[in-house]
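# Descriptive structure summary
Here is what each chain is made of, one letter per residue.
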Amino acid sequence: MKRYHVTTFGCQMNEHDSERMKGMLESLGYAEADAAQDADVILFNTCSIREKADSKFIAHLGHAKRLKREDPERIIGVGGCWAQSVKDEVFARFPFVDVAFGPGQVHKLAEFLTTDSLTAQGFFEFEGFTGHLPRKRARDFQAWVQISAGCNMACSYCIVPSTRGREVSRPLEELVEEVRALAAEGVKEVTLLGQNVNSWGRSLAARGARARSFAELLHAVDAIEGIDRIRYTSPHPSDMKEDVVVAHAELASLCEHIHLPLQAGSSRVLKAMRRTYTRERYLDRVALIREHVPDAAITTDIIVGFPGETEEDFAQTLEICEQVGYDGAFTFVFSPRRGTEAGAITENLVAHEVKVQRMQRLVEVVQRRATERAQRLVGRELEVLVEGTSRTDPARLRGRSRHNKAVNFSGLASPGDLVAVQITGASSQTLTGELSLLASASAAAR
Ligand code: SAH
Ligand code: SF4
Ligand code: F3S
């Protein structure tokens, strides 16, 4: 039997596309190999969001080149955003690559593998969703659901609009059907995926259907029997409407966690980033969340060292972090990307040492505030979806709360169980606790 190996870089969207690649390969009769050297088809699903993502993947390609030299029958494939951003240049730079494809052409991989001609080929035209492809999920009880592809925003630093194209939404009925099928397979938690999830539905009107709102979709998914938890990522602050915030308060399955990417705290920098909101408007969204869902965890993404960012601008980012008290934040140093507006800026660049120093200051504030904010959870009994054993202590279990906090706890339970955990401690990233016996007995009775 032929075997394949997939290495995935980048975001959840890529993880999900890889599930589709794996599912498709298995339907062609391939089996998964644990290591690349044992595989007949070696695939990389690439990311290009920051320079580091590129260099990480290029290091892996060196290994693939050696494997191809050992056995020229092996097929080396490169998919995803990096491939899309360089297109046919893939073959010029890495002549040992057999097939290259962008995020919208995952299905072409099957076509390539089942034709006789083994000349190198590239597929880079967006042709549709992977929704109809088989998938191989990592866990039985959790699933990703891609609700849209592409992005209509034009954030000046971001490569994604050029790698994933214009936004296209999948129809409501198709999504409801997919989630129903997942629930029937035992899935309890779904994460709705899109580059800008809360603009979902608007583009449906362009294709002759009725325009829909993201809140409508949340209501429809919440109504599906068997789905205990709904998450989504990422929303855009400009499209974060009151109906979505209210849905967090009203819908039993919609988790108390909102990822609200800030990027920068100064309106001047936000404007240069083309984020389409100001500092005030962002804080207004936070106030709306706190008003309707006071307990919600709010997390964010922040970029430091955007071209032209002054000390005053950066101080405003720190100030928002102090004020909001994020439950967590992904922090990035600005990385110039090919083909982007900000990537072409040559003036007023922030010096490397300044970026590094700002990053340290930012991380200090983010972690301190996250630790403080996490203390509200100590002493409470939280619902935890068990994922497996703790990474640091195999005698303990690990799961996630509805706030999306990792929880390490003692007690007996199986992956996929929803249990109640008494929280005894909290750091910036994780909670610790003990399985609550009373609650788990009642969960077992259910
Ligand atoms: N569509 C999502 C995710 C985009 S990528 C969203 O809009 O939230 C994830 C994060 O990477 C972004 O939120 C941003 O903080 C960061 N990022 C994107 N491009 C970057 C760049 N050129 N340099 C540094 N960070 C970047
Ligand atoms: Fe990139 Fe902005 Fe679109 Fe997010 S919203 S994918 S940061 S262009
Ligand atoms: Fe995701 Fe990286 Fe593409 S973050 S959308 S895989 S550039």
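Because the structure is a prediction, the values reported are computed rather than measured.

Criteria and thresholds
- Residues numbered from 1 in each chain as written.
- Chains lettered and ligands numbered in written order.
- Predicted model: local features only at pLDDT ≥ 70, side-chain atom pairs only at ≥ 80, totals over all residues.
- Heavy atoms only, no water.
- Helix = DSSP H or I, 4+ residues; strand = E, 2+ residues; numbered from the N terminus.
- Rg over C-alpha atoms; globule rule 2.2 N^0.38 Å.
- Buried < 20%, exposed > 50% of the residue type's maximum accessible area, 1.4 Å probe, protein only.
- Areas by Shrake-Rupley, 256 points an atom, 1.4 Å probe, with all protein chains shown as cover.
- Domains from an automatic or database assignment.
- Near = heavy atom within 4 Å.
- Expected span 1.5 Å × (residues − 1).
- Arc of directions from axis to C-beta.
- Contact = heavy atoms within 4.5 Å.

Turning next to the overall build of the protein. Each helix and strand counted, the protein has 14 helices and 19 strands in total. Against the compact-globule benchmark of 22 Å for 446 residues, the protein has a radius of gyration of 23 Å, which places it among compact chains. Counting only C-alpha atoms, the protein reaches 60 × 60 × 50 Å along its principal axes. Looking at the protein as a whole, 55% of its 446 residues are labelled buried. Accessible area of the protein: about 19400 Å², with a carbon and sulfur share of 51%.

Domains assigned within the protein are domain 1 (3-123), domain 2 (137-255), domain 3 (287-375) and domain 4 (378-445). Between domain 1 and domain 4, the C-alpha centre-to-centre distance is 37 Å.

This part is about the site of ligand 3. Cys11, Asn14, Cys47, Ser48, Ile49, Cys81, Val160, Arg164 and Gln195 make up every residue found near ligand 3. Mapped onto the domain boundaries, the shell around ligand 3 takes at least three residues apiece from domain 1 (3-123) and domain 2 (137-255).

Its 20 residues give helix α2 (residues 51-70) an end-to-end C-alpha distance of 30 Å, which sits within 8% of 28 Å, the value for a rise of 1.5 Å per residue. Residues of α2 that are buried include every one of Ala53, Asp54, Phe57, Leu61, Ala64, Leu67 and Lys68, and no others. The buried side chains of α2 occupy one side of the element, clustering within an arc of 125 degrees when seen end-on. In α2, the exposed positions that point more than 90 degrees away from the buried face belong to Lys52, Lys56, Ala59, Arg69 and Glu70. If you follow the buried residues of α2, they end up packed against β3 (41-46), β4 (75-80) and α3 (81-86).

Let's shift gears to helix α9 (residues 242-250). Every buried residue of α9 is listed here: Val244, Val245, Ala247 and His248. The arc that holds every buried residue of α9, seen down its axis, measures 150 degrees, which confines them to one face. Considering only its buried residues, α9 is in contact with α8 (214-222), β11 (229-233), β12 (257-259) and α11 (279-292).

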